[in-house]
Amino acid sequence: MVHGEAWTIKEFFTYPNEYIYWTIQIVMYPFMTGLVAGAFVLSSLYHVFGVKQLKGIARFSLVFSFALLPVAMLPLLMHLQQPLRGIEVMLTPHFTSAIAAFGIVFSTYGMIVASELWFVFRKHFVETALALKAIDGRTALQQGWYLLFSVLTLGAWDISHEALEADERAVKKLAGAGIPVACFLHGYAGFIFGSVKANALWMTPLMPVIFICSAVVSGIALCILTYILTMEIRKQLARRHRLAHPELPSMDELKSAEAHVVAMTSRYLLMFMVAAITLELLDLIFRGYTAVKSWDILRSVIYERDFVNIFVVQYGLGNLVPFVLFLIPGLTIRRAVVGTMLVLLGVFMMRWNVVIGGQAFSSSFSGFMHYVLPLWPDSMETLKEGLVGALIVAGVPFCFFYLLNKVMPVFKETH
Amino acid sequence: MISRRSFCKKSLLIAGGLAIPLSCLELFDPKRLLAEKDEKGPRWVFLVDTRKCVGCGFCVKGCKVENEVPYDANVTRTWVERYVVTSDGKTHIDSPKGARDGFPNKGIDIGHGKLEEIKDDDIEKAFFVPKLCNQCDNPPCVQVCPVGATYQTADGVVLVDRSWCIGCGYCIMGCPYGVRFFHPVFHVAEKCNFCYHRITKGMQTACVDSCAFGARRVGNLRDPEDPVTRVIMTERVNVLKEEYGTKPQVFYLGLSKEVK
């Protein structure tokens with residue numbers, strides 16, 4: 001069977017070779033990089049612009065961004081017909097292609113986040129390593145941890161006040177340099193689509209900007225959501241351990257800290273959401289107003305075939321409802337959870353409507369293609385490019401985060 | 001500690017030292033040297049006379065067999081489209097299986113295996129349009145390939161390196177003509193290459209050889225005496241989707257505005 005035939009339904013006239021070639025993994029790719037970029041921008045708001053209220057979530061979102069990073073290229077690998085050759089993008093980049101920049105942007109960004117994390121957690125590494133060193137007769141496990149943390153210090157054992165202040169200056173600089181790189185990382189994902197002149201729906205210079213704005217929205221939303229979830233777990237743990245360790249924060253302390261952070265962060269979420277929606281609507285209005293050759297087919301895709309996906313799920317459920325939820329005074333944690341989940345759904349649907357919607361019509365402008373998401377895999381192809389593949393991609397960052405949190409505890413006060 | 005003066009001195013020295021070997025690349029640029037020799041090879045172009053096409057589909061058959069595109073796979077390097085314009089102004093288009101078996105049904109294939117029947121009296125005009133890769137002068141597929149696996153030869157044909165393609169599908173997305181697809185066996189991008197293995201040995205393409213009506217012809221645009229070049233230069237020819245700026249090199253005689 002031809003690649004794409006398993007999930008494409010054609011209607012009216014399409015060119016014989018046209019299928020939905022870019023499937024759910026290509027929806028996941030901008031969604032995941034968006035989360036990476038958004039989480040990083042959120043942490044930078046504290047580190048660079050000194051937004052003190054975001055302190056509680058800044059370190060958390062930085063580690064989370066790092067956990068998401070390796071996953072950003074996972075959907076690409078799963079989508080490639082020749083995944084073993086994927087490394088060629090890094091080895092023999094062809095620079096007229098937008099995808100060729102991937103290796104450079106991705107590794108630059110990765111190095112910035114890694115070095116920023118190192119400066120943030122250096123004190124923790126040194127302290128842990130020293131504490132382990134002090135133990136006589138370490139077990140094999142302790143010895144392993146000791147070696148790991150000693151290596152992580154990179155030989156910089158100085159944790160005097162001056163050294164830590166120098167660390168903080170470095171963090172600020174790195175976070176400052178990271179913002180444009182994070183925006184570039186995601187803006188260029190938008191460029192990949194926006195520069196395809198053969199696709200009437202994708203081709204707009206606004207695409208990178210729209211992608212960046214919605215990326216920040218989704219990144220912040222996921223950080224709030226994961227933050228709330230981990231705080232709930234901490235609360236449960238606090239309830240259990242408080243009797244034995246009275247120095248731990250109490251339930252009420254945790255609760256008020258959580259409510260404060262969530263309220264502050266959601267304000268930034270709203271700001272970026274307004275920017276994203278404005279740009280998306282501008283694009284839509286502009287297309288309708290100029291009504292070039294492709295508008296006839298685009299209109300029937302946007303207003304008829306994909307109406308539910310675009311206007312009901314994306315704009316309605318994904319934008320309008322959470323907008324109202326966040327604007328009603330007295331934000332509760334429960335409302336924030338619902339709101340952020342809807343925001344994530346909205347951003348995901350925006351990616352979906354761009355990637356799948358852009359292939360919903362033939363480039364002959366005379367026919368349509370419908371994507372049937374393979375739910376249950378019956379072959380390697382439908383496993384990789386179906387619901388199961390997408391769920392794997394969505395689940396992996398949380399596993400990474402769990403592991404990273406063992407080495408870099410996001411909730412431990414280090415400074 | 002290095003002083004500022006010696007740092008500046010050494011930097012200049014290194015920059016100057018690097019510039020000399022780099023300038024050799026400019027002096028001995030192989031592409032420019034070849035161009036200066038003034039021995040230009042051919043520029044392959046294609047001429048389709050839509051008025052001669054009867055939609056038999058022999059070209060598609062011939063192409064599939066010659067280029068080892070699996071016969072029953074629903075992808076093809078070349079195909080034929082049927083256009084039927086009815087008196088209500090509507091255009092009905094189809095290309096069942098790329099017209100590999102011609103057009104066995106009178107009804108128009110509208111997908112899901114359904115046919116739309118059209119009364120003979122309602123038909124104002126009807127014609128066939130063969131399609132193949134346009135071997136563009138400004139090929140978007142070459143531009144977007146992230147690893148350079150697809151490239152344009154000096155004689156204008158766009159080829160795919162099957163050992164280097166990563167199968168990302170960006171070129172398929174970038175082509176406004178829909179000529180590219182994934183090869184069902186090799187799992188890399190695949191496209192018409194004017195039967196490059198044949199034309200470079202003085203033969204005709206498989207589709208040209210299969211066409212009994214002379215609707216397809218391949219020629220060399222750099223040879224002013226080539227009959228194809230004569231037609232392109234002296235007659236009213238047209239190309240497909242000029243608005244994309246791809247500078248397509250498949251020329252059509254008798255193209256109608258309905259053609260997509």
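Residues numbered from 1 in each chain as written. Chains lettered and ligands numbered in written order. Predicted model: local features only at pLDDT ≥ 70, side-chain atom pairs only at ≥ 80, totals over all residues.

Student: What exactly am I supposed to notice about the overall build of chain B here?
Tutor: In terms of regular secondary structure, chain B is built from eight helices and 13 strands. Taking 2.2 N^0.38 as the reference for a compact globule, 260 residues should give roughly 18 Å; the C-alpha atoms of chain B span a radius of gyration of 24 Å, well beyond that estimate. Dimensions of chain B, computed from C-alpha atoms along their principal axes, come out at roughly 90 × 45 × 35 Å. When each of the 260 residues of chain B is scored for burial, the buried share is 42%. Within chain B, contacts between residues at least 6 apart in sequence are counted, and of these 62% link residues at least 24 apart. (Helix = DSSP H or I, 4+ residues; strand = E, 2+ residues; numbered from the N terminus. Rg over C-alpha atoms; globule rule 2.2 N^0.38 Å. Buried ≥ 20, exposed ≤ 12 C-beta atoms within 10 Å, placed from the backbone. Contact = placed C-beta atoms within 7 Å.)

Student: Before we go on, may I ask you to explain the overall build of chain A in this structure?
Tutor: A tally of regular secondary structure across chain A gives 14 helices and two strands. A compact globule built from 415 residues would reach a C-alpha radius of gyration of about 22 Å, and chain A, at 23 Å, matches this within 12%. Judged by the C-alpha coordinates and their principal axes, chain A covers about 75 × 50 × 40 Å. Relative to all contacts within chain A whose residues are 6 or more apart in sequence, the contacts with residues 24 or more apart total 76%.

Student: What is the right way to read the interface of chain B and chain A from this model?
Tutor: The parts lose accessible area when they come together, and the size of an interface is often stated as this lost area. Counting residues at the interface gives 41 residues for chain B and 35 residues for chain A. At the level of elements, strand 3 (91-94), helix 4 (140-144), helix 5 (170-174) and strand 9 (181-182) of chain B are the ones that each hand at least two residues to the side of chain B that touches chain A. Here the side of chain B that touches chain A takes four residues from helix 5 of chain B, the largest share from any one element. For the side of chain B that touches chain A, a count of residues per class yields 25 nonpolar, 13 polar and three charged. (Nonpolar A, V, L, I, M, F, W, Y, C, P; charged D, E, K, R; others polar.)

Student: Any chance you could explain the sheet that holds strand 11 (residues 216-220) of chain B here in plain terms?
Tutor: The strands making up a sheet are joined through hydrogen bonds of the backbone, oriented either antiparallel or parallel. Residues and elements named next belong to chain B. Pairing within the open sheet is mixed, and its four strands lie in the order 11-1-13-12. Strands at the two margins of the open sheet, each flanked by one partner only, are strand 11 and strand 12 (237-238). Bridge count for strand 12 against strand 13 (residues 250-253) is two bridges, and the pairing is antiparallel. Each bridged residue has a counterpart across the sheet, and for N238 the counterpart in strand 13 is Y252. (Pairing = 2+ DSSP bridges.)

Student: How do you make sense of helix 3 (residues 58-66) of chain B when you look at a structure like this?
Tutor: Since one α-helical turn is 3.6 residues long, residues separated by three or four positions face the same way. Residues and elements named next belong to chain B. If you check which residues of helix 3 are buried, you get F58, C59, V60, K61, C63 and K64. In this structure, the buried side of helix 3 is in contact with strand 2 (79-86), strand 6 (123-131), helix 7 (206-210) and strand 11. Downstream of helix 3 by a residue or two, E68 has a phi angle that is positive, lying close to 55°.

Student: Any chance you could explain the packing of helix 2 (residues 55-72) of chain A against helix 8 (residues 207-241) of chain A here in plain terms?
Tutor: When two helices pack together, their arrangement is given by the angle between the helix axes and the distance between those axes. All names here are of chain A. Look at helix 2 against helix 8: their axes get within 10 Å of each other, and the N-to-C directions meet at 110°. Relative to helix 8, the element helix 2 is oriented roughly perpendicular. Residue-level inspection shows I57, F60, S61 and F64 of helix 2 in contact with helix 8, the latter providing C223, T226 and Y227. In the contact of helix 2 with helix 8, the residues fall into five nonpolar, two polar and no charged. (Axes fitted to C-alpha atoms, helices over the stretch in contact; angles between N-to-C directions. Parallel < 35°, antiparallel > 145°, perpendicular 65-115°, else oblique.)

Student: Would you take a moment to explain the sheet that holds strand 2 of chain B for this structure?
Tutor: Residues and elements named next belong to chain B. Read from one edge of the open sheet, three strands run 3-2-6, paired in antiparallel fashion. At either end of the open sheet lies a strand with only one pairing partner, and these are strand 3 and strand 6. Going from strand to strand, the sheet's axes swing by 20° on average, the running direction of each strand aside.

Student: How should I be thinking about the pairing of strand 1 (residues 44-49) of chain B in this particular structure?
Tutor: Look at any regular strand and the pattern is simple: side chains alternate between the two faces of the sheet. Residue and element names in this part refer to chain B. Taking burial as the measure, the six residues of strand 1 include six buried ones, the bulk of the element. Along strand 1, one buried face is formed by W44, F46 and V48 and the opposite face, lined by V45, L47 and D49, is buried too. In this sheet, strand 11 lies alongside strand 1 in antiparallel orientation, the contact comprising five bridges. By the bridge assignment for strand 11, W44 is matched with N220. Here strand 1 pairs with strand 13 via four bridges, running parallel. By the bridge assignment, V48 is partnered in strand 13 with Y252.

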